Amino acid sequence: MKPSPQAQPLKNFRLPVKAVLFDLDGTLLDTAPDLVVAANAMLVELALRELDARKIQNFIGGGIANLVKRTLAASLEREPDSQLLERAMPIYEKHYAKVMLNQTRPFAGVVEGLQAMRAQGLRLACVTNKAERFARPLLGATGLLDFFELLVCGDNLPRKKPDPLPLRHASEHFGVETQEMLLIGDSPLDAQAARAAGCHIFCVPYGYSQGRDVRELDCDAIVATLRDAAKLLQTELD
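This write-up is about the structure you can find in this document.

## Thoughts on the overall build of the chain
Each helix and strand counted, the chain has nine helices and ten strands in total. A compact globule built from 238 residues would reach a C-alpha radius of gyration of about 18 Å, and the chain, at 18 Å, matches this within 12%. Expressed as lengths along the three principal axes of its C-alpha atoms, the size of the chain is roughly 60 × 40 × 30 Å. When the accessible surface of the chain is summed, it comes to about 10900 Å², and 49% of that surface belongs to carbon and sulfur atoms. Here the chain contributes 28 positively and 30 negatively charged side chains, and the mean placements of these two sets differ by 2 Å.

Set out below in structure tokens:
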């Protein structure tokens, strides 16, 4: 059995990279409280029973359409009625637009980690499946937007994570090879996208991994915070 990344010695581990990409929900920002409120408000408006907050949190990942679909079906696998889904999407988006800045905050170590990586001369991008009309104001309101040279959202390209297209788009923008980039994320979608693109991947244990233990994911390391991730990177300034 392949040892978990957490069990691998990291004392002398230094990953040579030129650019770092970050997932948003569950990696940079703790958006779950506001996502849950919007999801339950949608269910109430549709005259459906509210769900436990922890259950909804396990549905986060892959964009709002996936969250709405899973919430309506109360499952990661089952499909809701197509007409109900069509009704639900604008209702969810309406409620989320109202509450998305109420409780969302950066996770511990995020600001310090971004500051350290920028000081190391790394190129930084946020690559998220969230629609730009939500992602950009969230990053702006939480003070993170200016850290990123590039923002790639779920509605900017024909395909989103776990497809490698958003990561390859970032590599073209930065003018670096995909193997010279690192993606930091929290979910199976991030790990799959990174491997498909040929990127390195670090996972954080505090995010939204759809009920999966991050130790099960195919990643190069598990880092407690972005501040810890910065210490594992070797750059041209070192």
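## Regarding the packing of aromatic side chains
The description of an aromatic ring pair rests on the distance of the ring centres and on the angle between the ring planes. All told, the structure shown has five aromatic pairs when counted by the stated rule. Ring centres of Y92 and Y96 lie 5.9 Å apart, and the angle between their planes is 20 degrees; this geometry places the pair in the stacked category. Of this pair, Y92 and Y96 are both found in helix α4 (residues 82–99), four residues apart, which corresponds to roughly one turn of the helix. The pair formed by Y92 and Y96 is uniform in burial state, with each residue classed as buried. Ring pairs connect the aromatic residues Y92, Y96 and F134, which therefore count as one cluster.

## Thoughts on the sheet that holds strand β7 (residues 181–185)
Strand order across the open sheet formed by six strands is β6-β5-β2-β7-β8-β9, with parallel pairing between neighbours. For this open sheet the edge positions go to β6 (150–152) and β9 (221–222), each flanked by a neighbour on one side alone. The sheet contact formed by strand β2 (residues 19–22) and β7 spans four bridges and is parallel. Paired with F22 across the two strands is I184, which belongs to β7.

## Examining the pairing of strand β8 (residues 200–203)
Here β7 pairs with β8 via four bridges, running parallel. Within β8, the residue paired with G185 across the bridge is C203. As for the winding sense of the linkage, the β-α-β connection from β7 through helix α8 (residues 188–197) to β8 is right-handed. By the bridge criterion, two bridges tie β8 to β9 in an arrangement that is parallel. Looking across to β9, one finds that F202 is bridged to A221.

## Side note on empty space enclosed by the protein
Considering all chains together, one arrives at one cavity of 30 Å³ or more under this definition. Approximately 220 Å³ is the volume attributed to the largest cavity. Lining the largest cavity are 18 residues, and of these D25, I60, G61, G62 and G63 sit closest to its centre. For the lining of the largest cavity, the secondary-structure elements that each account for two or more residues are α3 (64–73) and α8. In the lining of the largest cavity, the residues fall into six nonpolar, six polar and six charged.

Thresholds applied
- Residues numbered from 1 in each chain as written.
- Predicted model: local features only at pLDDT ≥ 70, side-chain atom pairs only at ≥ 80, totals over all residues.
- Heavy atoms only, no water.
- Helix = DSSP H or I, 4+ residues; strand = E, 2+ residues; numbered from the N terminus.
- Rg over C-alpha atoms; globule rule 2.2 N^0.38 Å.
- Areas by Shrake-Rupley, 256 points an atom, 1.4 Å probe, with all protein chains shown as cover.
- Lys, Arg positive; Asp, Glu negative; His and termini not counted.
- Charge placed at Lys NZ, Arg CZ, Asp CG, Glu CD.
- Phe/Tyr/Trp six-rings, centres within 6.5 Å; stacked < 30°, edge-to-face > 60°.
- Buried < 20%, exposed > 50% of the residue type's maximum accessible area, 1.4 Å probe, protein only.
- Pairing = 2+ DSSP bridges.
- Right-handed = clockwise from strand over helix to strand, strands pointing away.
- 1 Å grid on protein atoms, 1.4 Å probe; cavity = no way out; pocket = protein on both sides within 12 Å on 5 of 7 lines; lining within 4 Å.
- Points joined across faces, edges and corners; volume = space filled by probe spheres on them.
- Nonpolar A, V, L, I, M, F, W, Y, C, P; charged D, E, K, R; others polar.

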